[in-house]
Structures are given as structure tokens and as C-alpha cells.
Amino acid sequence: MSHTYKPVDLDLPNSLGRRRYATKEYLLLGLSLLLNLLFLLATFRRSIDLRAVFTQKTLFGDDWHHGLDHSTPAVDKVDAGRCVSSGYRQASPPAPVNVWASLTIPETAEIDAWLRAPERNLNLTRFKNSAISDNVIFLIETYYPLKRDALAYLEDPDHVSRPDRYARVTIQHGGLKDPTIKDYLVGPIPINPYTTIRPLTEIYHRKEIPFNVYSMSNFTDLPLFMARAVTPMVPAMEDLFRARIRGLENDTLVAGMSGPFSFDGSFRRLWMTWRRNTAGSYLLPVGFYQYIDISGTDPSRWKILKLMYHDQVFPTMESFIEAYNNGTLVRHPEQKGPDIDFSWTQRKRVGQDRDLDHLPGPRSVSFSGLRYKVDREQQYVSWMGWGMYLGFDRDMGLNLWDIRFRGQRIIYQLHPQEALAQYGGNDPVQTSTAWLDRYFGMGAMVRDMIPHYDCPQESVYLPATTFTSQGNLKVRRAVCIFEQDTGKPLSRHTGFLEGEFGAVKSYTLTIRTITTIGNYDYCEKPFDYSFYLDGTIEVRLSASGYIQGGYYDSETQEGYGGRIRQASMGNLHDHVINYKVDFDIGGTANSLLKTTTKQEEVTHPWLDDDWGQQVIQQKITKEYIANEDEALLKYPQNFQGGYAIVNQDVKNTWGLPKGYAIHPGYSPVHNTVVGSKRLLHNANWARYNLAVSLRKDTEPSSSSMWNLHLPGAPIVDFHKFFDGENITQQDLVAWINLGMHHLPQAEDSPNTKTNLATSSFLLTPLNYFDSDVSMEMKNAILLHPPKAAGGPYTFDDNRVKQDLTCLPDAPSPFEYTPTQWLGLAGEPDVISAEDARRVSEMYLRVKIGV
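Quick notes on the rules
- Residue numbers restart at each chain and count upward from 1, following the sequence in its written direction.
- Under the rules for a predicted model, residues below a pLDDT of 70 receive no local features and side-chain atom pairs below 80 are neither given nor counted, while totals for whole chains, interfaces and linings still include all residues.
- Here the side-chain values reflect all heavy atoms present in the structure, with hydrogen atoms and water set aside.
- UniProt positions are given in the numbering used here, feature names are shortened, and annotations may be inferred rather than shown by experiment.
- Secondary structure elements follow DSSP: runs of H or I of four or more residues count as helices, runs of E of two or more count as strands, with numbering from the N terminus.
- Here a residue-residue contact requires only that any non-hydrogen atoms of the pair lie within 4.5 Å.
- Note on terminology: pairs of cysteine sulfur atoms within 2.5 Å are recorded as disulfides.
- Here's how the labels work: a residue is buried when its accessible area is under 20% of the maximum for its type, exposed when over 50%, partly exposed in between, all with a 1.4 Å probe on protein chains only.
- Any helix carries an expected span of 1.5 Å times its number of residues minus one.
- For every residue, the predictor states its confidence as a pLDDT score lying anywhere from 0 to 100.
- Within this document, salt bridges are pairs made up of a side-chain nitrogen of Lys or Arg and a carboxyl oxygen of Asp or Glu, the two lying within 4 Å of each other.

As annotated in an unreviewed UniProt entry, the protein carries the name Amine oxidase and comes from Psilocybe cyanescens. Per UniProt, the comment on the protein under Sequence similarities (unreviewed entry) is "Belongs to the copper/topaquinone oxidase family."

Structure representation (C-alpha cells):
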């Protein structure tokens, strides 16, 4: 690609300025000749860099810089003004195989074929030909190896074989006499004569998974039932709401569901609401609800149990239609207005222009090339002493493994577990909604990042493939990786003595993924994992997207949210997101340290009488929590203290146990409502800021995709992890919560913003080192005091020039790649836009009919 170079515009001292004196025209001529000569040299001898000629030293003399080590170049050589390639460098993982990697498409196809063999006797039906009463494979994915096996391999990959590879398989057995759902363990894989299949039950607290908690894998039965069930009241609905609902493309009403659907799995019932079928339908409910029973596998037995229209309850369909016909139904005529404007729920640009907003904003450029390394095949990333493997699963998406800093493992596993959203309101849907989003598959709901908007333009993107009952889902830009200047120093001090005046640049490496569950994005920078130069890890989650809106009525909804339009409101709700952090501080033997500060009043006989001998001050208290039952924790009042995972047997030079502290960041919340039947036992983890338990392979997660619909008898009951065991110098797991109390306001229309809906926690070294290890960074400056009064400061920047510049490659033009649907063997599969929508929105926007 050729480039046209423009004349160099130098900011020269006044003696070489543009003084238009006729007597000095020869100076301008000489300067012009010099510039042309340099340009020709740069063109024909690409090793010459104009910036090497016009340096600060050339223009301002020798006083600008002292004390440099000239033995080695500080940055890669820049060729004739062009920046180093922005491609990433190849990483070198500590072990050649990522034992947590997702299954490949050929592996899932092989497992699928093996399962369908007659000798397995599973009587499986392929999804595209299935009904709810069939046996369908819902999921095939990696089952993570035992920790002891993984560690043995990581410690000596040259002599220890990698752990055998296994798959978790979920089958919805709708075809059995007593329908059920089963998880199976299949392996070892690849398929061989020793491969077996067995029920995977040891990780659950119930032996059987009730069929009524199944996840939608068939997108026909529910819409067909709705079309049949609402047919008698279609004329009334079309009249009341000035709408069209005929099971056609141009329907103007769609249905949405609330969850959970069951208490203990013995039934499947839910409240259904109706919304305007337009962009942002989540904000446009019409105030009409039905309680429906869709239990079991026979859709002909499903039925509407009751109805509610604007606080008027009807026990049967017939009673509602009778009230409509005889005039006793109290109508809401404002819903029929011909001039109702729904455009406010769209994301189209509106409003006045802002000054200079027609110009693109600033962006980051790595002038010396990317400073992080990636092994794309093994999904491994390294940067500035950090290194980690990436994993990806259907339930929660991106997860991180074997996180090391400066060669030492800090964390074995960092993995989101569950995302809760519990609502309040004065209508059947809002008051009964308590979502657990693992059920929907936050990994399966990851979609391609929007280039230039979701991540910085220099980001490296990694793909992800997840197995679904509809086929394989391949996302090209599922994960992005980027380094950023934080815009502030990591440390600094202004001083006047030699050695105390300087600063360290603050850079972070961020690994990000974005998932959308129906109306909400967890989100614009949702799941962020940021790594700092001092050994700190920040875990951050932000939310955006459409809120789950309710119908606003000033008489009944006051106090349950905020009005955002004439007849729309955002309902009060909590978000709580749980993470698993499996620390390995100096090994697997760790302890839980509690630190508190409190006020004391002491008498000091040596104090001066001017002030008296009594002093009120703070004092630190440290203690180890030795029992699991005492490790269900909330942050101390006023954040006076905190918690850390330490190794009592491994100490730094100063005799202090090495550890990592858990710090609350933005919005460290836990769930507000405790005791609701809809979250009775299935999300006990959300009651705390954090909890610490003994790590067990039989307790891999705080939740399960089936927990949403089993609040009374969950598959995984988090409280059962805590059974009085000793946690002193044991292998420990911290379960840490993020979240936000969302009190919606007008500015949540049309979308919630990530700057406010953000929560985070930080994991920071606690006496893990002898001092601040970021002082070893070369991207730092030390200023030397003037040698004489009024003299200039000199400085040492370790030969890392912050004023380095070059011409970067042009960013790629914008393009957006739709999610790629693949068949079982990886062949391209054609899926209609409507089916893709149904997969993504599931129960949140259901159109009646096929």
C-alpha cells in the first residue's frame, strides 16, 4: 500500500522561523533544499528516520536528557516513519495443551454419533425433527479435569501426561414414561474402546432433574399453544390495544414470560405479559397478563389458568370475554390512540448536534507494536509477567485458568458462576420475576463484538464455538484483548531530594466478552478481567440494554420503580453476579485472614500535658477464620477492614504470610430481598458479599442452569457447601459477588448506561512481595533536581521515549459479522432470522404461531 508523504512541519526556534524578510530569502531556500534532501534519503534509504534527525537534543541541546543506558534500544526499530506491525506476537504457554479448552466441532460430532449408536439405547431424535416429547441432546461440552491432574501436568508437562479429556452431555428425556433430564459424563475422548457413559450426579444435591425445568430447545410447541389459547380473545385484544395478533409477520403484539416456572419441579407455570411488537418492546407492556400451565410433554393439556387486565382479575377466559362483551370491563382508552408514538424505544439518533461531535474521538495506538502475546490455538495470553489460559462454556462463557504473575500461580480458576435479577412491582410479571441467567446460557448468548465500539480498535479478537441443540454456534469476535494507558500514573511523587521525584506509567491488559440475555446486555464492557503491573487483578461487570419495563399506573405502581414514559416504567430490581476465585497462594494450602480496624482510647503517660494523656485512634486486629460456617461474609461497616487469602507457611522477607486481599470496587452489593419463595434456596450465594469454602471437585459451581426453576429444591444448594469443615491451610475457593441496586429513572430510556450500571472487585497483593514490584517497570521516569538554582530538571526515562511517534496502519473499515450457525459436522447451516431471534430471546419475546 503506497502513501503520500506531506511536507514536514517543524516547530523551529524563532531564528529559523518564517520571517518574511526579503534579505533572508536564502535561508528559506536552504531549508527547503535540506528538507527535500532528507525526503529523498528517506524514500531511497528506508533505514533513515526523520525523527532521528530532528530530536529534542538537536533542537534544544544536551541538557534535555541525562543518565541513559545506550547499550540496547528501548523499542523496536521504526522503519521510515511507519509503525511496527500491530499484529500480536506468539505466546509460549507453560504447557503445550490447554486442558480447559472447548471441544472442537469434530469432537462434538464424534460424541454425538457415538451417543446415537443403537447400543447406547438412548432413542435420540435430532432437534430439527423433534417435539417436546422426544429425547434430545441439549448440550455437549468440555468437562473440566480434576484439579490434581491438571496441576500435575502443568508442573511437569514434559514427563506427566495431560489429563484424560471428558465431556458433559445433557439429554432432555421427554420420550420416557416418566420424563426427566440427565447429565452424563462421557470419556475419555476422542472416542475409543475404553470410552464410557455414566450419569453425572456427584456435583448435584438432587439425584433427578425434573423435566419441568427443561430449557427451550423446541421453538414450535409454545407459540402454537399460545395461538390456540388466545384465539377466543383475539377480537377483544385487537380492540382494546388497537393491535393485530394473528400469528403473522405483521403482528403488533408479542408475549413475554416471567420466571421461575416452578418451585420444586412438580409443575411448570408462569405469568405471561403482552408487549408492543416494535424495537424495544421490553419497555412497552400493555397491562394484560395470563397465568398459564405448560407442565409435562403434552401441549394439548396446557391451558390458561387466569387472566388480569389492569388490576381486574378473571378466573377463566370465558369470564374475561363476558366482561368485555357486556361492558363491565374497565377499559384504558389511551392505549387505542391512533397517534401513539413508540419511536422513543429505538436507538436512532435524536436531539441537537454537539460541538465538534462530527469528528471521531481519540483512540489508542501501540506505536511500537502490541506488547501482549497470544497463542490462538491454545487460547493462552501473556503480558508483562502475566499469563493465563482461557476457557469458554455454554453456561457462563469466558473463564480464566492457571493465572500466573512473574512465574508464580496466583489463581487456578477465575470463573463467573451465575447472574441474578430479582424484580419488584405491582403486577403479576414484575412481582414474580427472579431470573437466574445461567439457565439461558450466557456463553451461548455471546454475539460478535461491534468493532470500534465494544473494544479499542487495536484489539485482538478470539473466536468461540458452543454446542446447542440447534447446531454449533460460532462467534468470530467472542473475546477481545487489548492494552490501555489508564490515563493516570500507577505511582508518583513530587520531591526535592535525589531519588524521590518520579512516576510509573499505568497500563492494563483487559480481556473482555459481551453477552446479551434477551433485553439486557451484561454488557458494553461486561465481563472484564484487567491485569495491572503491580500484580493487581480487577474483575468488572457493566450492564446496558433495555430494562424489563412495566405498565405505569400512578395509583398502583408508586414506589416500585421510576416512570420513563407516559405509560411505561422501569421496575426496581437487583443484579447480583457471582464469581468463583480458586486461589493458590504459594501452593494450594491457604487460609482466610480477616482484618478489621476499630477505635480505641488509650492513655500515654509520655504525652504533653497541653493535649492531655488520652488519645482516640484506630488499631488493626487480625484473625484467621478457621471454620467454613463462619466464612459466609459481608464487608465490614464503613469498609473498616476486609478479607484476604494467605499462605501462613510461605512468608516474604519480612516474615509476613504471602497473600492476596479481596477489595470491593464499584457498587459492592448483595441481594436485598431474602426469604422470597422464588429465590428460597437456589441463589443463597447472593445473600453475601463473599464466601469462602473448602475446594472440592464435587462442588465445581455455586449454581446450575436448572436452579432457576427449582427455588424450593435446587440442583445445587450453595449453603450445603458449608458444613463446618476446617479451612486453615486448605485448598480454598472464594465466591465473590458483584452487582447493583437498580432504581430505574428517566435516563434509563431507551437503554441503561454502563457508566452507572457497573460493579467490580479487586484482588491485590498482600505482602506477597517484599516491596512494590511495579518499580521494576521501564515505562517510568525519575527526575533529577537542578544542579543550580533556577536550572532545568534532568531526567532518566530508561530510554523509553513517551514522545515516540510513527504512522500506524489504518484501522480496518467497519464490518459486522453475524453469528455463524454450523451443522453438527461444521458444515454451514441456514437458520432463518426468526429462528435466530427465537434462540436469542427465548421466553422474553414470543410470537404466536409457528
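On to the environment of Val-446, then. By the secondary structure assignment, Val-446 is in the loop between strand S17 (434-436) and strand S18 (460-468). Taking the C-alpha atoms as reference points, Val-446 and Ala-478, separated by 32 residues in sequence, lie 6.4 Å from one another. If sequence neighbours within four positions are ignored, Val-446 has contacts with Phe-392, Val-475, Ala-478, Thr-513, Ile-514 and Thr-515.

Two cysteines whose sulfur atoms are joined by a covalent bond form what is called a disulfide. As enumerated under the stated definition, the model contains two disulfides in all. At a sulfur-sulfur separation of 2.1 Å, the disulfide partner of Cys-455 is Cys-480. Taking the torsion about the sulfur-sulfur bond, which here is approximately -75 degrees, the covalent link between Cys-455 and Cys-480 counts as left-handed. With Cys-455 in the loop between S17 and S18 and Cys-480 in strand S19 (residues 471-485), the pair connects residues that are 25 residues apart, well separated along the chain. Overall, the relative accessible area of 4% leaves Cys-455 in the buried class. For Cys-480, a relative accessible area of 0% puts it in the buried group. Sequential numbering of the bridged cysteines in the protein gives the disulfide pattern 1-4, 2-3.

By secondary structure assignment, the location of Glu-558 is in the loop between strand S25 (549-551) and strand S26 (561-563). Overall, the relative accessible area of 60% leaves Glu-558 in the exposed class. Taking the C-alpha atoms as reference points, Glu-558 and Gly-425, separated by 133 residues in sequence, lie 9.0 Å from one another.

Turning to helix H4 (residues 105-116), a few remarks are in order. An α-helical turn contains 3.6 residues, so any two residues separated by three or four positions project in the same direction. Taking 1.5 Å of rise per residue, the twelve residues of H4 would be expected to cover 16 Å, and the 17 Å separating its terminal C-alpha atoms lies within 8% of that figure. Those residues of H4 that fall on the buried side of the exposure criterion are Ile-105, Glu-107, Thr-108, Ala-109, Ile-111, Asp-112, Trp-114 and Leu-115.

Bringing helix H7 (residues 234-241) into the picture now. The element H7 is largely enclosed, with a buried count of six among its eight residues. Every buried residue of H7 is accounted for by Val-234, Ala-236, Met-237, Glu-238, Leu-240 and Phe-241. Taken together, the buried residues of H7 touch helix H6 (221-230), strand S7 (253-257), strand S8 (269-276), strand S9 (285-293), strand S10 (303-309) and helix H8 (317-326). The first or second residue beyond H7 is Arg-242, which carries a positive phi of 45 degrees.

This part is about the confidence of the model for the protein. Here the protein shows a mean pLDDT of 88. Residues at 70 or above account for 88%. The model gives residues 1-26 a pLDDT under 50, and that stretch makes 14 contacts with residues more than four places away or in other chains.

Close approach of charged atoms allows side chains with opposite charge to pair. Scanning the model with the defined rule gives 34 salt bridges in all. With a shortest N-O distance of 2.7 Å, Arg-246 and Glu-238 are connected by a salt bridge. For Lys-505, the salt bridge goes to Asp-485, with nearest N and O atoms at 2.8 Å. Here Lys-505 is found in the loop between strand S21 (502-504) and strand S22 (507-517), whereas its partner Asp-485 is found in strand S19, with 20 residues between them in sequence. Owing to a relative accessible area of 25%, Lys-505 belongs among the partly exposed residues under this scheme. On the basis of relative accessibility, which here comes to 37%, the residue Asp-485 falls in the partly exposed class. A single salt-bridge network, built from bridges that share partners, covers Glu-141, Arg-168, Asp-183, Arg-394, Asp-395 and Arg-438.

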